[in-house]
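# A structural walkthrough
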Amino acid sequence: MDHLSVGDHQCVRSRVDMKQEEEEEIEKKQKGVCEKRQGWTPCFFQRPDREMYFYVGHDIIVQEALDSYAGMIWPAALALCDYLAWNQHQVSVQDKAVLEIGAGTGLLSIVASLLGAWVTATDLPEVLGNLRFNLSKNTRGRCRHPPQVAPLSWDSDLERSYPASVYRYDYILAADVVYHHDFLDQLLATMKHFCQPGTTLIWANKIRVESDLVFMDKFQKAFQTEVLVEDGEMKIFMATCGGNGGRGRTGEGGGCRDNKDGKSEAES
């Protein structure tokens, strides 16, 4: 076996250092473009060994798993991340209790945490490992309030696992949770359960198929809604509980329960 001389080792190290410096310089240029951009198009760039996003002044590295829907980052998550980051004057989650349903890889919860929210990210039990890893990797030492991770199945007995008298949130976030699956009714019921008086629900989705439109119509009838963003197939809705005196988009009575108050309580 040939052996490298001291000079050879120095040459190898020099080439490695140069390659690393080149990659870092490319990242700096790409991040500079991200910082200067306008609009809500999300900032995203690739390296051979990872994918990186840039929000709220931070690099966010997300580990994906292509074997499930929850392991991928979907367009509406990027759109909502960007909306929250660029519209804090309109929607500020700082020091607010925030629940994300269908958190997937956790990108949206990461951004909300970096914006200063008390975040609880939820999804099915079998995908929480990757979700927890991404949140920990990207928020540790960066956030005012460390995010929490919890299991949440839309078809479960929510009043038993998440009693409304205990679990109150200022904001509910959901991104691309409506797609081709058999739990749309359960999803809407989950939204109604957590959207109490005093809660704001923000739902972002890319409309793809007819069932998405059906759900959107039910959603607008169940809550008082406002369209925050409408760009082709991409839509971001803000919704509040109509209560007994509220009205949905077309005048129907709101589908939310009356509660004693809308104060949010962050989990310990």
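Read on for an overview of the structure. Everything numeric here is computed off the predicted structure, so don't read it as measured data. (Residues numbered from 1 in each chain as written. Predicted model: local features only at pLDDT ≥ 70, side-chain atom pairs only at ≥ 80, totals over all residues. Heavy atoms only, no water.)

Take the pattern of salt bridges next. The tally for this structure, following the rule as stated, stands at six salt bridges. Between D157 and R160 there is a salt bridge, with its nearest N and O atoms 3.8 Å apart. For D217, the salt bridge is made with K221, and the minimal N-O distance between the two is 3.1 Å. Here D217 pairs with K221, and both are found in helix α7 (residues 210–222), just four residues apart, close to one helical turn. (Salt bridge = Lys/Arg side-chain N within 4 Å of Asp/Glu carboxyl O. Helix = DSSP H or I, 4+ residues; strand = E, 2+ residues; numbered from the N terminus.)

All right, on to the packing of helix α2 (residues 75–86) against helix α3 (residues 107–114) then. Relative to each other, α2 and α3 sit at 10 degrees, their axes nearing to 9 Å. Taken together, the axis directions place α2 and α3 in an arrangement best described as roughly parallel. Here α2 contributes L78, L80, C81 and L84 to the contact with α3, which in turn contributes L107, L108 and V111. Each residue belonging to the contact of α2 with α3 can be placed in one class, and the counts come to seven nonpolar, no polar and no charged. (Axes fitted to C-alpha atoms, helices over the stretch in contact; angles between N-to-C directions. Parallel < 35°, antiparallel > 145°, perpendicular 65-115°, else oblique. Contact = heavy atoms within 4.5 Å. Nonpolar A, V, L, I, M, F, W, Y, C, P; charged D, E, K, R; others polar.)

The next thing to look at is the packing of aromatic side chains. If you walk through the whole model with that rule in mind, you get nine aromatic pairs. Measuring from ring centre to ring centre gives 5.2 Å for F219 and F223, while their planes differ by 50 degrees; the resulting arrangement is tilted. You can call F219 buried: its relative accessible area is 0%. On the accessibility criterion, F223 (0% relative accessible area) is buried. Connected via pairs of aromatic rings, a cluster forms that spans W203, F215, F219, F223 and F237. (Phe/Tyr/Trp six-rings, centres within 6.5 Å; stacked < 30°, edge-to-face > 60°. Buried < 20%, exposed > 50% of the residue type's maximum accessible area, 1.4 Å probe, protein only.)

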